[in-house]
Amino acid sequence: MTDTAKQGSGPPAPPAATIKSYRQRYETYSRIPATGRDRGDILREMTEMRDLEEARWGRGFASGSVYHGEREHIDFLNKVYAINSQSNPLHTDLWPSAVKFESEVVAMTAEMLGAGLSGARPGTPDEICGVVSSGGTESILLAMKTYRDYARDKKGITRPQMVVPSTAHAAFEKAAQYFGIEIVHVPVGGDFRADVAATAAAITEDTIVLAGSAPPFPHGIIDPIEELSELARARGIGFHTDACLGGFLLPWAEKLGYPVPPFDFRLPGVTSISADTHKYGYAAKGTSAVLYRGHELRHYQYFASTDWPGGFYCSPSFAGSRPGALVAECWAAMVAIGEEGYLENARRILETAAAIKRGIAAIPGLEVMGDPLFVIAFRSSEVDIYGVLDAMTEKEWSLNGLYKPPCVHLCTTLTHTQPGVAERFLADLRDAVAWVRENPGAEGRMAPLYGMANTIPDRGVISDTLKRYMDGWYRLA
Ligand SMILES: Cc1ncc(COP(=O)(O)O)c(C=O)c1O
């Protein structure tokens, strides 16, 4: 299928963007230009690219990706960035503002996630504490490294193992690879939630941590965190709630009366949580919070060097120097939006998601998976769901194709609450399903890729393909 070839019922599809779409349009630099370019010219070029890209996500065509997106909010964050652009939290003496912002982002996030009801007294070493990282993946990596080092030191575990549901984010697998931790994936149940009994059966003497998600990325159904964390508590091991996606939405959903199972520090077995400020916290990209029950665990995350010729050196997360402006933006977003704003945004998102969920369920041939709140996954036993994904891509949508089982999801954000977006999504989806029904076996992009992946037992081949795909990002010609 070419970019424009596939036009079913519904409006003609615009050409799909490709990752090298600027090659013809703008100069490509393979070396630093001999003389500097005019700054105004650079800004004009970047503004053009921004406008081209915003035309897609700004009209609500993206799943997740941009969680707020309203112009006034973006302009405000940009002003905050401009004021703080030189700030680096590594140099606390130069930028005490960064220390203030980071400690308050941690405190506000902890309070939102049940610190006050956790039984841990603020100001004591048992308090809920944490740091700001660069994103969800870093928060998860940090937490897993922390549990590895804690278990090695306290329990002498040298062949550490983490037990996570199969739907846990790929960041857990990345942590396993990076830090030499064995990852045990436990298949989720028919309801797409973690299987508590199977998790219990998978625990060994080398298990350092269990995890669950609130909610997991693929199907958006919150894991039974209470049962899982009790399992961990009973065995004296850590429990991490991955609330990267839901951490800044579920607390407000609960206040609005939606059915939100417990997932935060109110549960005594939850020893750490990742919650992404750069998702439903509405901060600019590049921040997340990783929180721990007690200073002792957090100490296992920290790095301190005592004998370096560069002097005593310490840093709380993977980075050395860090963008203080991003922490400032994060703080500013939280303080400017306030509880009232978060509640109102959550109300809009959840109502829109409910309407989309109902609309998908009403499309013949599609099935909504489980009963999600805002990440809505759907599949089909009648048409090729990846064909539907391809057809939606032709209609400008950037949805997430999921695997095992084959399905597609839309992660609802504020961009979808704009008038007409949900209706357009459902109309396009109805057309896409009809098109695939009329054109079974049509050549597509994702359908053959996942189809092929299913037939190749050697995952190394697929992994190599993905690595070559990434090589392409860096190829200039
Ligand atoms: C549940 C969950 N955990 C972790 C992550 C990773 O977050 P990031 O992309 O910020 O690294 C995501 C991202 O979507 C997520 O949905």
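Residues numbered from 1 in each chain as written. Predicted model: local features only at pLDDT ≥ 70, side-chain atom pairs only at ≥ 80, totals over all residues. Heavy atoms only, no water.

Section: the sheet that holds strand E3 (residues 182–186)
Moving on, step 1. Strand order in the open sheet formed by seven strands is E1-E7-E6-E5-E4-E2-E3, and the pairing between neighbours is mixed. For this open sheet the edge positions go to strand E1 (128–133) and E3, each flanked by a neighbour on one side alone. When the angles between neighbouring strand axes are averaged without regard to direction, this sheet yields 20°.
Moving on, step 2. Sitting on the sheet, helix H7 (residues 225–235) is in contact with strand E4 (207–213) and strand E5 (238–243), with an inclination near 175° to E4. (Pairing = 2+ DSSP bridges. Helix = DSSP H or I, 4+ residues; strand = E, 2+ residues; numbered from the N terminus. Axes fitted to C-alpha atoms, helices over the stretch in contact; angles between N-to-C directions. Contact = heavy atoms within 4.5 Å.)

Brief notes about the sheet that holds strand E13 (residues 407–411)
Moving on, step 1. As summarised here, the arrangement of the four strands in space is E10-E11-E13-E12, forming an open sheet in which the pairing is antiparallel. Looking along the sheet, the strands with just one partner apiece sit at the ends: strand E10 (367–368) and strand E12 (400–402).
Moving on, step 2. Pairing geometry for strand E11 (residues 375–379) and E13, over four bridges, is antiparallel. Among the inter-strand pairings, alanine 377 is bridged to a residue of E13, identified as histidine 409.
Moving on, step 3. The sheet strands contacting helix H10 (residues 324–361) are E10, E11 and E13, and the helix crosses E11 at an angle near 5°.

Thoughts on a nonpolar patch on the surface
Moving on, step 1. Among the surface-exposed residues, Ile19, Tyr469, Met470, Trp473 and Tyr474 lie close enough to one another that they form a single nonpolar patch of about 610 Å² accessible area.
Moving on, step 2. Along the chain, isoleucine 19 falls in the segment before helix H1 (39–57). (Patch = residues over 30% accessible without salt bridge, like charges linked within 9 Å, V, L, I, M, F, W, Y side chains within 5 Å. Areas by Shrake-Rupley, 256 points an atom, 1.4 Å probe, with all protein chains shown as cover. Salt bridge = Lys/Arg side-chain N within 4 Å of Asp/Glu carboxyl O.)

Focus: the pattern of salt bridges
Pairs can form between side chains of opposite charge whenever their charged atoms are close.
Moving on, step 1. Under the defined criterion, the tally for this structure stands at 26 salt bridges.
Moving on, step 2. With its nearest N and O atoms 2.6 Å apart, the salt bridge here joins aspartate 149 to lysine 145. Of the two residues, aspartate 149 and lysine 145 both sit in helix H4 (residues 136–155), four residues apart, roughly one turn of that helix. Each member of the pair aspartate 149 and lysine 145 is classed as buried.
Moving on, step 3. Close ionic contact of arginine 437 with glutamate 382 constitutes a salt bridge, the shortest N to O distance being 3.0 Å. Of this pair, arginine 437 sits in helix H12 (residues 421–438) while glutamate 382 sits in the loop between E11 and helix H11 (385–394), placing them 55 residues apart in sequence.
Moving on, step 4. Given a relative accessible area of 39%, arginine 437 falls into the partly exposed group.
Moving on, step 5. One network of salt bridges, with partners in common, ties together Arg37, Asp38, Asp41, Arg44 and Glu45. (Buried < 20%, exposed > 50% of the residue type's maximum accessible area, 1.4 Å probe, protein only.)

Points about the domain arrangement of the chain
Moving on, step 1. Per the domain assignment, the segments of the chain are domain 1 (8–24 + 42–71 + 339–477) and domain 2 (96–322).
Moving on, step 2. Just the C-alpha atoms count here: the centres of domain 1 and domain 2 sit 28 Å apart.
Moving on, step 3. Counting residues at the interface gives 30 residues for domain 1 and 25 residues for domain 2.
Moving on, step 4. Where domain 1 abuts domain 2, roughly 2300 Å² becomes buried across the two surfaces, and 76% of that area is made up of carbon and sulfur atoms.
Moving on, step 5. When the buried surface of domain 1 facing domain 2 is broken down by residue, Tyr67, Tyr342 and Leu373 rank first, second and third, together holding 29% of it.
Moving on, step 6. Between the two partners, domain 1 and domain 2, sit zero salt bridges.
Moving on, step 7. Put simply, domain 1 and domain 2 have five residue pairs in polar contact (both at pLDDT 80 or more) between them.
Moving on, step 8. Of all elements in the fold, only H10, E11, E12 and E13 reach the threshold of two or more residues within the side of domain 1 that touches domain 2.
Moving on, step 9. For the side of domain 1 that touches domain 2, the element with the highest residue contribution is H10, accounting for nine residues.
Moving on, step 10. Each residue belonging to the side of domain 1 that touches domain 2 can be placed in one class, and the counts come to 17 nonpolar, eight polar and five charged. (Domains from an automatic or database assignment. Buried area = accessible area lost by both parts, 1.4 Å probe. Polar contact = N/O pair within 3.5 Å; in protein donor to acceptor, adjacent residues only side chain to side chain. Nonpolar A, V, L, I, M, F, W, Y, C, P; charged D, E, K, R; others polar.)

Digging into the side chain of glutamate 102
Moving on, step 1. Here glutamate 102 is to be found in helix H3 (residues 96–112).
Moving on, step 2. Of note is the side chain of glutamate 102, whose polar atom sits 2.9 Å from the backbone nitrogen of valine 132.

Concerning the packing of helix H2 (residues 71–84) against H10
Moving on, step 1. The interhelical angle for the contact between H2 and H10, taken along N-to-C directions, is 140°, at an axis separation of 9 Å. Taken together, H2 and H10 sit at an angle that is classed as oblique. By crossing handedness, the relation of H2 to H10 is classed as right-handed. Of the residues in H10, those touching H2 at His73, Phe76, Leu77, Asn78, Val80, Tyr81 and Asn84 are Ala325, Leu326, Ala328, Glu329, Ala332, Ala333, Ala336 and Ile337.
Moving on, step 2. Broken down by class, the residue content of the contact of H2 with H10 amounts to 11 nonpolar, three polar and one charged. (Parallel < 35°, antiparallel > 145°, perpendicular 65-115°, else oblique. Left-handed = near helix turned anticlockwise from the far one by under 90°.)

What about the site of the ligand?
Moving on, step 1. Near the ligand, the surroundings consist of 13 residues, among which Gly136, Thr137, Asp242, His278 and Lys279 are the closest.
Moving on, step 2. Note that an oxygen atom of the ligand is positioned 2.9 Å from one of the backbone N or O atoms of glycine 136.
Moving on, step 3. Aspartate 242 places a side-chain nitrogen or oxygen 2.6 Å from a nitrogen atom of the ligand.
Moving on, step 4. Top contributing element to the shell around the ligand by residue count: H4, with three residues.
Moving on, step 5. The class makeup of the residues in the shell around the ligand is five nonpolar, five polar and three charged. (Near = heavy atom within 4 Å.)

Regarding H10
Moving on, step 1. Here H10 contains 38 residues, and its C-alpha end-to-end distance of 45 Å is more than 12% below the 56 Å for a straight helix at 1.5 Å per residue.
Moving on, step 2. Maximal helix bending in H10 amounts to about 85°, located at glycine 338. (Expected span 1.5 Å × (residues − 1). Bend = angle between axes of the 7 residues up to and from the residue.)

Remarks on the packing of aromatic side chains
Moving on, step 1. The full count for this structure, using the stated rule, is 16 aromatic pairs.
Moving on, step 2. On the basis of an interplanar angle of 75° and a centroid distance of 4.8 Å, the ring pair of tyrosine 67 and tyrosine 280 is categorised as edge-to-face. On the criterion of sequence distance, the pair formed by tyrosine 67 in the loop between H1 and H2 and tyrosine 280 in the loop between strand E6 (272–275) and strand E7 (288–293) is long-range, its members being 213 residues apart. Each member of the pair, tyrosine 67 as well as tyrosine 280, is classed as buried.
Moving on, step 3. Of the aromatic side chains, those joined through ring pairs into one cluster are Tyr67, Phe248, Trp252, Tyr280, Tyr282, Tyr342 and Phe374. (Phe/Tyr/Trp six-rings, centres within 6.5 Å; stacked < 30°, edge-to-face > 60°.)

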